[in-house]
Amino acid sequence: MGERVKDKVAIVIGAGSVGPGWGNGKAAAVLYAREGAKVMAVDVNISAAEETKAIIDSEGGECIVGQADVSRAEDVESIIKRTQEHFGCIDILHNNVGILSVGGAVELTEEAWDHEFSVNIKSMFLSCKYVLPVMESQGRGSIINISSTAAVRWYGVSYIAYSASKAAVGGITRTVALQYADKGIRCNSVLPGLINTPLVRNSLTSAYADGDVDEMMRIRDGQSPTGKMGTAWDVAHASLFLASDDAAYINGVELLVDGGFTARSA
Ligand code: NAP
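A short tour of the structure in this document, coming up.

The rules behind each value
Residues numbered from 1 in each chain as written. Predicted model: local features only at pLDDT ≥ 70, side-chain atom pairs only at ≥ 80, totals over all residues. Heavy atoms only, no water. Near = heavy atom within 4 Å. Polar contact = N/O pair within 3.5 Å; in protein donor to acceptor, adjacent residues only side chain to side chain. Areas by Shrake-Rupley, 256 points an atom, 1.4 Å probe, with all protein chains shown as cover. Pairing = 2+ DSSP bridges. Helix = DSSP H or I, 4+ residues; strand = E, 2+ residues; numbered from the N terminus. Axes fitted to C-alpha atoms, helices over the stretch in contact; angles between N-to-C directions. Contact = heavy atoms within 4.5 Å. Salt bridge = Lys/Arg side-chain N within 4 Å of Asp/Glu carboxyl O. 1 Å grid on protein atoms, 1.4 Å probe; cavity = no way out; pocket = protein on both sides within 12 Å on 5 of 7 lines; lining within 4 Å. Points joined across faces, edges and corners; volume = space filled by probe spheres on them. Nonpolar A, V, L, I, M, F, W, Y, C, P; charged D, E, K, R; others polar. Phe/Tyr/Trp six-rings, centres within 6.5 Å; stacked < 30°, edge-to-face > 60°. Lys NZ or Arg CZ within 6 Å of the ring centre and 35° of its normal. Parallel < 35°, antiparallel > 145°, perpendicular 65-115°, else oblique. Left-handed = near helix turned anticlockwise from the far one by under 90°.

1. Overview of the site of the ligand
Now for step 1: Surrounding the ligand, one finds 30 residues, the nearest of these being Val-18, Asp-43, Asn-96, Tyr-162 and Thr-197.
Now for step 2: Gly-98 has a polar backbone atom sitting 3.5 Å from an oxygen atom of the ligand.
Now for step 3: One of the side-chain N or O atoms of Lys-166 is found 2.9 Å from an oxygen atom in the ligand.
Now for step 4: When the ligand is considered free in solution it has 920 Å² of accessible area, and contact with the protein chains removes 90% of it.

Structure (structure tokens):
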């Protein structure tokens, strides 16, 4: 156990994983706990959040769970209220939820576009809306928004609502970062590149190699400058740094966690 966020309270939204293995949100929740934070693990799928809690409990950490669809204001307000009531404060808000539908402007339905914007972006607006007054009253807080390098680069597959909604994360991050910079609150985003998580197998398979998952993984490994995709832990460690006091003077940044993919295609 470390102490990089010792005694801080972290809300991780999207703390479960869409499939077996380590997703970005699950790894972040477990890492915050390993580094001393008390964690509120939030997910629309409560059993996925409970799985994360079971890992934290088994390692001697402290975690409670909450069910919420973060595109719904009443759900978000309620989990933030519950976290404050249970732990007494909120130091870290980690916005991990993000969904992806393959398709360009012609292929994607209007309903899919609206849904993706609601889940990927409205959710961040809502969590900030309800957590910022709490952080402002405390005079401290750190917000981590999980974006994607798809916000700034083309990966060879069209997922227009995903790319556009992830690009919007930068706008939310900069606005919150600057409006609250003199109130002890920081807001930063992490842009993961090619990461090997259950989400990739769940959402992207149809777009690669006629649905051949092993071939898709080979292609994605090959796209990375390192020859291998990153892992959920790479994203979690970057988030931990931004959440911790080690990053006390880091505000409004978009931290790339992509093995150099973006630099190579600059
Ligand atoms: P994940 O396993 O798909 O998602 C974590 C959890 O979020 C799942 O349990 C999921 O529940 C839940 N969730 C989905 N919609 C929700 C909602 N409306 N309200 C509350 N919870 C909801 O994904 P992950 O691996 O943790 O990471 C996802 C984040 O990383 C996203 O923001 C994604 O854009 C970003 N990212 C990933 C990659 C990559 O290559 N893997 C690259 C760049 C960025 P369900 O299982 O019920 O859906």
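Continuing now.
2. Considering the sheet that holds strand S5 (residues 141-146)
The pairing of strands in a sheet happens through backbone hydrogen bonds and is either parallel or antiparallel.
Now for step 1: Strand order in the open sheet made by the seven strands is S3-S2-S1-S4-S5-S6-S7, with parallel pairing throughout. Lying at the two open borders of the sheet, with one neighbouring strand each, are strand S3 (62-67) and strand S7 (254-257). Each neighbouring strand pair of the sheet contributes to a mean axis angle of 20°, computed without reference to strand direction.
Now for step 2: Here four bridges tie strand S4 (residues 92-95) to S5, and the two strands are oriented parallel to one another. For Asn-95, the partnering residue across the bridge sits in S5 and is Asn-145.
Now for step 3: Its contacts with the sheet put helix H2 (residues 46-58) on strand S2 (38-43) and S3, and the angle it makes with S3 is roughly 180°.
Now for step 4: Most of the contacts of helix H8 (residues 232-243) go to strand S6 (residues 185-192), to which it runs at about 165°, and overall it touches S4, S5, S6 and S7.

3. Some words on the pattern of salt bridges
Now for step 1: Across all of its chains, the model carries 14 salt bridges by this definition.
Now for step 2: A salt bridge links Arg-174 to Glu-254; its shortest N-O distance comes to 3.7 Å. Of this pair, Arg-174 sits in helix H5 (residues 160-179) while Glu-254 sits in strand S7; the two residues are 80 residues apart in sequence, bridging distant segments of the chain.
Now for step 3: It is possible to trace a salt-bridge network through shared partners that takes in Arg-72, Glu-74 and Asp-75.

4. Regarding empty space enclosed by the protein
Now for step 1: Enumeration over the complete set of coordinates arrives at one cavity of 30 Å³ or more.
Now for step 2: A volume near 40 Å³ is recorded for the largest cavity.
Now for step 3: Along the walls of the largest cavity sit Ile-13, Val-70, Asn-95, Asn-96, Val-97, Ser-123, Met-124 and Ser-127, which together make up its complete lining.
Now for step 4: Residue contributions to the lining of the largest cavity peak at three residues, all from helix H4 (residues 110-138).
Now for step 5: Within the lining of the largest cavity, the residues separate by chemical class into four nonpolar, four polar and no charged.

5. Things to note about the packing of aromatic side chains
Now for step 1: Scanning the entire structure with this criterion turns up four aromatic pairs.
Now for step 2: Between Trp-22 and Trp-233 the ring centres are 4.7 Å apart and the planes differ by 55°, which places this aromatic pair in the tilted class. In this pair, Trp-22 is assigned in the loop between strand S1 (9-13) and helix H1 (24-34) and Trp-233 in helix H8, connecting sequence segments 211 residues apart.
Now for step 3: One cation-aromatic arrangement involves Lys-26 over Trp-22; the distance from NZ or CZ to the ring centre is 5.2 Å.
Now for step 4: Between the NZ or CZ atom of Lys-183 and the centre of the ring of Tyr-180, over which it lies, the distance is 5.7 Å.

6. As for the packing of H4 against H5
Now for step 1: Put simply, H4 and H5 touch, their axes get as near as 8 Å, and they point 15° apart. Classified by the angle between their axes, H4 and H5 sit roughly parallel to one another. The element H4 and its partner H5 pack so that their crossing is right-handed. On the side of H4, the interface is formed by Trp-113, Glu-116, Phe-117, Asn-120, Ile-121, Met-124, Phe-125, Cys-128 and Leu-132, while H5 contributes Ile-160, Ala-161, Tyr-162, Ala-164, Ser-165, Ala-168, Val-169, Ile-172 and Val-176.

7. Some words on the layout of surface pockets
Now for step 1: Approximately 830 Å³ is the volume found for the largest pocket.
Now for step 2: Taken together, 43 residues form the lining of the largest pocket, with Asn-96, Val-97, Gly-98, Ile-99 and Leu-199 sitting closest to its centre.
Now for step 3: Mapped by element, the contributors of at least two residues to the lining of the largest pocket are H1, S2, H5 and helix H6 (198-203).
Now for step 4: Per-element tally for the lining of the largest pocket: the top contributor is H6, with five residues.
Now for step 5: Residues that form the lining of the largest pocket fall into these classes: 23 nonpolar, 16 polar and four charged.
Now for step 6: Around the second largest pocket, the lining is made up of 17 residues, and of these Gly-141, Gly-184, Ile-185, Arg-186 and Ala-248 lie nearest the centre.
Now for step 7: Looking at the lining of the second largest pocket, the elements with two or more residues in it are S5 and S6.
Now for step 8: A per-class count over the lining of the second largest pocket returns seven nonpolar, five polar and five charged.

Functional significance is not addressed by these values, which are geometric in nature.
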